[in-house]
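# Summary of structural features
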Amino acid sequence: MPLKNDAPIQISAFSWLPPFAHGVARDIRVRWALEEAGLDYRTRLVDPRQPKTEDYLAEHPFGQVPSYRDSEGTMFESGAIVLHIAQNCPALLPEESQARKRATIWVFAALNTLEPAIFPLVDLEIFHANASWAAERRPAFRERALSRLAVLERTLGNKHWLEGQFTVADLMMVHVLRFLRPTNVIGEFPRLVAYQARGEARPAFQRALADHLAALSAAAS
Ligand SMILES: N[C@@H](CCC(=O)N[C@@H](CS)C(=O)NCC(=O)O)C(=O)O
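Figured I'd write up the structure that's included with this text. (Residues numbered from 1 in each chain as written. Predicted model: local features only at pLDDT ≥ 70, side-chain atom pairs only at ≥ 80, totals over all residues. Heavy atoms only, no water.)

## Re the pattern of salt bridges
Our working definition: Think of a salt bridge as a Lys or Arg side-chain nitrogen and an Asp or Glu carboxyl oxygen that are within 4 Å of each other. Strands are runs of DSSP state E lasting at least 2 residues, helices are runs of H or I lasting at least 4, and numbering of each runs from the N terminus. Only protein chains enter the area calculation, which uses a 1.4 Å probe; residues under 20% of their type maximum are buried, those over 50% are exposed, and those in between are partly exposed.
The full count for this structure, using the stated rule, is 14 salt bridges. Residue Asp40 is joined to Lys4 by a salt bridge in which the shortest nitrogen-to-oxygen separation is 3.3 Å. One end of the pair, Asp40, is in the loop between α1 (27-37) and β2 (42-46); the other, Lys4, is in the segment before β1 (10-14), and 36 residues separate them in sequence. With relative accessibility at 29%, the residue Asp40 sits in the partly exposed group. In this structure Lys4 comes out as partly exposed when scored by relative accessible area, which is 42%. Ionic contacts of the salt-bridge type, sharing partners, join the residues Arg44, Asp55, Glu59 and Arg69 into one network.

## Some details on the packing of aromatic side chains
The criterion, for reference: Pairing of aromatic side chains requires ring centres within 6.5 Å, counting the rings of Phe and Tyr and the six-membered ring of Trp. Pairs whose planes differ by under 30 degrees are stacked, by over 60 edge-to-face, and all others tilted.
Across all of its chains, the model carries 7 aromatic pairs by this definition. Arranged with centres 4.8 Å apart and planes meeting at 70°, the rings of Trp32 and Phe205 form a pair that is edge-to-face. You can see Trp32 sitting in helix α1 and its partner Phe205 sitting in helix α8 (residues 203-220), a full 173 residues away along the chain. The residues Trp32 and Phe205 share a single accessibility class, namely buried.

## A few points about the site of the ligand
Threshold: Here a residue is considered near a molecule or strand provided that any single heavy atom belonging to it is located within 4 Å of it. What qualifies as a polar contact is a pair of N or O atoms within 3.5 Å, subject to a donor-acceptor requirement within protein and to the restriction that residues adjacent in sequence count only when both atoms come from side chains. Note on areas: Shrake-Rupley with a 1.4 Å probe; residue coverage comes only from the protein chains shown. Residue classes follow a fixed rule: Ala, Val, Leu, Ile, Met, Phe, Trp, Tyr, Cys and Pro count as nonpolar, while Asp, Glu, Lys and Arg count as charged, and any other residue, Gly among them, counts as polar.
Inspection of the region around the ligand gives Phe14, Ala25, Arg26, Arg29, Gln64, Val65, Pro66, Glu77 and Ser78 as its neighbouring residues. Taking Val65, its main chain carries an N or O atom lying 2.9 Å from a nitrogen atom of the ligand. In the model, an oxygen atom of the ligand is placed 2.7 Å from a nitrogen or oxygen of the Ser78 side chain. Surface burial for the ligand is 70%, taken as the share of its 510 Å² of free accessible area covered by protein chains. Taken together, the residues of the shell around the ligand sort by class into 4 nonpolar, 2 polar and 3 charged.

## Some points on the pairing of strand β4 (residues 73-76)
Remark: a regular strand shows side chains that alternate across the two faces of the sheet. The line we're drawing: Strand pairing is defined by DSSP finding a minimum of two bridges between the two strands.
Alignment of strand β3 (residues 67-70) against β4, held across 4 bridges, turns out to be antiparallel. The residue of β4 that forms the bridge with Tyr68 is Met75. Hairpin geometry of β3 and β4 is characterised by an intervening segment of 2 residues between the two adjacent antiparallel strands.

Right under this line is the structure:
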């Protein structure tokens, strides 16, 4: 169980989240990568309802989560952090250079191509579902998400993972797909439903999710 109070690696996570963000906030990506890599870590819990301290802003200039600290220094941006963790972990990033390149490409695709295409719809369903403009905008937002997901499903085909073995690419992509929970679009893609379920069934993901949720419960009690 890599969560350990005296671990040299520290990550940040929020101690409180609105219900829609339970189980999807981005600290889960980093927890999951650390679990897959078998690296111990501790958490720095930050309350998003309080002003950020200078100390925290020095670690994450935007005051977001996650941030990350190890013997080499501090980092922010979940994609950079997860790739950093993966560098020395063949279970996340294969040693062969072409395979490393392919996995890296998919991490960026998850963050820069899929996430921005699904977020307008996710945002609409969480914050504006009943707003007067929502009915008008929903079809276009839905179409934008569907078209990217269709390409992802076609590219995945019958494969279990994007590039042969499970890699950091699947970790990032599966986490991005979790954002779709307030929408019903993933149901149109049976292979993506199965892909997401495969990723989420991994023991490392289950431990990451449990620890993310436990931190929120502990802070609430
Ligand atoms: N691109 C950043 C996004 C980080 C991000 O948006 N984190 C959310 C939690 S999942 C957050 O801190 N939201 C509060 C805010 O933006 O002030 C990353 O991938 O690390």
